[in-house]
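Descriptive analysis of the structure
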Amino acid sequence: MPLEETWGAMAETVTAGKARHIGLSEVTVAEIGRAQAEHRVTSVQSELSLWTRDPLAEVLPYCQEQGIAFLAFAPLGRGFLAGRFASFDDLPADDFRRGLPRFQRDALRANLAIAGQVRQIAARAGASPAQVALAWVLARGRHVVPIPGTKTPRYLADNAGAADTELSAADLAELDALPAPQGARY
């Protein structure tokens, strides 16, 4: 089904008063433009973290220029950037991440260097690794809203502390210079 048809149907829900705003997920700038020709795009949701930076090239700047909110899902790299996993065996047997390329044994071992650098910056900043990873996402602009998942009140409180985490320009530059992770997203 063409984007314009789907987006037009969703726009009808706004016109009918059944929804106030509508957004897109995992789209290109061209797709956002096509949707906007039909109805205003209020938000774009896409994965963004220290190890998934693809939206930084085009989508994020376009959203900022157009006044579109950017909802960053998996800003903690599915828990990896919070420093919760040191090996493949740390993942529960039924955990979906066991099937993701970045969590495979060799890739995970290579990616531990990224988590280690985040941990070092966190120690200097007096914050947790999760707070540093989220603060980096927040530093992308006021229109960027990270949406970390959490299962416990403890992690929720820790994640909320990212709003008060101050990273220096040197910290941000060091985080920006982190290498790309080993393995594809999916």
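These notes cover the structure that comes with them. (Residues numbered from 1 in each chain as written. Predicted model: local features only at pLDDT ≥ 70, side-chain atom pairs only at ≥ 80, totals over all residues. Heavy atoms only, no water.)

Glancing now at the overall build of the protein. Counting secondary structure elements, the protein contains seven helices and four strands. Traced from its N-terminal end to its C-terminal end, the protein shows the element sequence α-β-α-β-α-β-α-α-β-α-α. On C-alpha atoms alone, the protein measures out to a radius of gyration of 18 Å, which is about the 16 Å that the 2.2 N^0.38 rule sets for 186 residues. For the protein, the proportion of its 186 residues judged to be buried stands at 44%. Each charge class in the protein can be summarised by its mean position, and for the 19 positive and 21 negative side chains these summaries are 5 Å apart. (Helix = DSSP H or I, 4+ residues; strand = E, 2+ residues; numbered from the N terminus. Rg over C-alpha atoms; globule rule 2.2 N^0.38 Å. Buried < 20%, exposed > 50% of the residue type's maximum accessible area, 1.4 Å probe, protein only. Lys, Arg positive; Asp, Glu negative; His and termini not counted. Charge placed at Lys NZ, Arg CZ, Asp CG, Glu CD.)

In this section: the packing of aromatic side chains. This model, assessed by the stated rule, comprises four aromatic pairs. Centroid distance F80 to F103: 6.1 Å. Interplanar angle 90°. Geometry classified as edge-to-face. A residue pair is termed long-range when its members are at least 10 positions apart, and F80 in the loop between β3 (69-73) and α4 (105-125) and F103 in the loop between β3 and α4 qualify at 23 residues. F80 sits in the buried class, given a relative accessible area of 0%. Assessed through its relative accessible area of 1%, F103 is described here as buried. The rings of W51, F80, F85 and F103 are connected pair by pair, giving a single aromatic cluster. (Phe/Tyr/Trp six-rings, centres within 6.5 Å; stacked < 30°, edge-to-face > 60°.)

Turning our attention to the pattern of salt bridges. Considering all chains together, one arrives at ten salt bridges under this definition. Of the charged contacts in the structure, one is a salt bridge between R109 and D106, with a shortest N-O distance of 2.4 Å. With R109 and D106 both in helix α4 and three residues apart, this pair spans about one turn of that helix. Summarising the burial analysis for this pair, R109 and D106 share the class exposed. (Salt bridge = Lys/Arg side-chain N within 4 Å of Asp/Glu carboxyl O.)

This part covers the nonpolar core. Most often, soluble globular proteins have nonpolar side chains that are buried together. Counting 49 residues, the largest nonpolar core has I32, V44, F70 and L175 as the members making the most contacts within it. Counting residues per element, the ones that place at least two in this core are α1 (3-15), α2 (29-36), α3 (59-66), β3, α4 and α5 (129-138). Sort the elements by how many residues they give to this core and α5 lands first, with seven residues. Excluding anything up to four places from it in sequence, I32 contacts L24, V27, V41, V44, V59, Y62, C63 and I68. (Core = buried A, V, L, I, M, F, W, Y, C linked by side-chain atoms within 4.5 Å. Contact = heavy atoms within 4.5 Å.)

Separated by 81 residues in the primary sequence, F103 and A184 have C-alpha atoms spaced 9.7 Å apart. Apart from the residues within four sequence positions on either side, F103 is in contact with W51, G77, R78, F80, F85, F88, L91, R97 and L108.

Here we come to the pairing of β3. With five bridges joining them, strand β2 (residues 43-47) and β3 adopt parallel strand pairing. Its bridge partner being in β3, S46 is matched across the sheet by A72. Handedness of the crossover is the feature at issue here: the chain leaves β2, passes through α3, returns alongside β3, and the resulting connection is right-handed. Inspection of the sheet shows β3 paired to strand β4 (residues 144-147) by four bridges, in the parallel sense. The partner of A72 across the bridge, within β4, is P146. (Pairing = 2+ DSSP bridges. Right-handed = clockwise from strand over helix to strand, strands pointing away.)

With respect to burial, α5 is a largely interior element, nine of its ten residues being buried. Residues of α5 that are buried include every one of P129, A130, Q131, V132, A133, L134, A135, W136 and V137, and no others. Elements that come into contact with the buried residues of α5 comprise β3, α4, β4, α6 (153-160) and α7 (169-176).

In a packed pair of helices, the relevant descriptors are the angle between the two axes and the axis-to-axis distance. Packing of α1 against α2 brings their axes to within 9 Å, and their N-to-C directions diverge by 50°. Considering their axes alone, α1 and α2 lie oblique with respect to each other. The way α1 lies across α2 gives a crossing that is right-handed. Residues L3, E4 and W7 of α1 lie in contact with α2, whose contacting residues are E31, R34 and A35. Here the contact of α1 with α2 is built from residues that sort into three nonpolar, no polar and three charged. (Axes fitted to C-alpha atoms, helices over the stretch in contact; angles between N-to-C directions. Parallel < 35°, antiparallel > 145°, perpendicular 65-115°, else oblique. Left-handed = near helix turned anticlockwise from the far one by under 90°. Nonpolar A, V, L, I, M, F, W, Y, C, P; charged D, E, K, R; others polar.)

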